[in-house]
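Coordinates in review
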Amino acid sequence: MEEKAVSFYWRGFKERYGLVGSKCELCSRHFFPGRVICPECRRKGKMHEHRFSGKGKVYSYTVIRTPPTGFEIYIPYVVAIVDLEEGARVVSQLVDVKPEEVSIGMPVEACFRKIREQNQSGLVLYGFKFRPLK
Ligand SMILES: [Zn+2]
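Residues numbered from 1 in each chain as written. Predicted model: local features only at pLDDT ≥ 70, side-chain atom pairs only at ≥ 80, totals over all residues. Heavy atoms only, no water.

Let us look at the pairing of strand S6 (residues 89–94). When a strand is regular, its side chains alternate between the sheet's two faces. Note that strand S5 (residues 77–84) and S6 share 6 bridges and pair antiparallel. Within S6, the residue paired with aspartate 83 across the bridge is arginine 89. (Pairing = 2+ DSSP bridges. Helix = DSSP H or I, 4+ residues; strand = E, 2+ residues; numbered from the N terminus.)

Take a look at the structure:
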């Protein structure tokens, strides 16, 4: 694997594995993915790394029946915009649920799953997805 691919893989590692974003200590807004500068407070803001609880609610969703390459085995599947309880918004696949069972406002939690079979560098990618909260 070339060096560039390795660094790209590791750059997103923490975010994908730990649902880590950032929180501005000044205005208490949360961001995912994390930001270096708070768009609200600018230079006065103080950004800290924040690990999200993984709990949230479905804000909106769509059922995918024509998947991009690498996602064929999952169809039909649901991609949702999840409102995390801290206030940030994440786009993620929903698992362990049938498309017809998904509803707006449904409580969900993050779980750790295979994202896709492999990328160009031959790696199997893992990361978080969301499932109904039990
Ligand atoms: Zn702020």
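Picking up where we left off.
Within the secondary structure layout, histidine 30 lies in strand S2 (residues 30–31). Judged by its relative accessible area of 14%, histidine 30 is buried. Polar side-chain contacts of histidine 30 include one of 3.4 Å to the backbone oxygen of serine 28. Of note is the side chain of histidine 30, whose polar atom sits 3.2 Å from the backbone oxygen of glutamate 86. Non-local contacts of histidine 30, meaning those with residues more than four positions away in its chain, are made with Ser22, Lys23, His50, Phe52, Glu86 and Ala88. (Buried < 20%, exposed > 50% of the residue type's maximum accessible area, 1.4 Å probe, protein only. Polar contact = N/O pair within 3.5 Å; in protein donor to acceptor, adjacent residues only side chain to side chain. Contact = heavy atoms within 4.5 Å.)

Here we come to the coordination of the zinc ion. All of the protein donors around the zinc ion are Cys24 (SG), Cys27 (SG), Cys38 (SG) and Cys41 (SG); their distances to the metal are 2.2 to 2.3 Å. Around the zinc ion, the 4 donor atoms are arranged such that angles at the metal cover 105 to 116°; this shape is classified as tetrahedral. (Donors = N, O, S within 2.8 Å, 3.2 Å for Na, K, Ca; no water. Tetrahedral: all angles 85-135°; square planar, octahedral: opposite > 155°, others 65-115°.)

Tracing the backbone through its elements, the reader meets histidine 50 in strand S3 (residues 47–51). A distance of 3.4 Å separates a polar atom in the side chain of histidine 50 from a polar atom in the side chain of glutamate 86. Not counting residues up to four positions away in its chain, the partners in contact with histidine 50 are Leu19, Val20, Gly21, Ser22, Lys23, His30 and Glu86.

This structure, assessed with the given rule, holds 3 aromatic pairs. For the pair phenylalanine 32 and phenylalanine 52, a centre-to-centre distance of 6.0 Å together with 85° between the ring planes defines the contact as edge-to-face. Taken together, the residues phenylalanine 32 in the loop between S2 and S3 and phenylalanine 52 in the loop between S3 and strand S4 (55–64) connect sequence positions 20 residues apart. Phenylalanine 52 shares its class with phenylalanine 32; the two are buried. Ring plane angle 75° and centroid distance 5.7 Å describe the contact between phenylalanine 32 and phenylalanine 128, whose orientation is recorded as edge-to-face. Of the two residues, phenylalanine 32 sits in the loop between S2 and S3 while phenylalanine 128 sits in strand S8 (residues 125–132), which places them 96 residues apart along the sequence. (Phe/Tyr/Trp six-rings, centres within 6.5 Å; stacked < 30°, edge-to-face > 60°.)

Pairing between side chains becomes possible if they bear opposite charge and their charged atoms approach one another. Scanning the entire structure with this criterion turns up 5 salt bridges. Residues aspartate 83 and arginine 89 are paired through a salt bridge, measuring 2.5 Å at the closest nitrogen-oxygen approach. For aspartate 83, a relative accessible area of 24% corresponds to the partly exposed category. For arginine 89, a relative accessible area of 43% corresponds to the partly exposed category. Its salt-bridge partner being glutamate 109, residue arginine 131 comes within 3.0 Å of it at the nearest N-O pair. With arginine 131 in strand S8 and glutamate 109 in strand S7 (residues 107–116), the pair connects residues that are 22 residues apart, well separated along the chain. Residue class for glutamate 109 comes out buried when judged on its relative accessible area of 17%. (Salt bridge = Lys/Arg side-chain N within 4 Å of Asp/Glu carboxyl O.)

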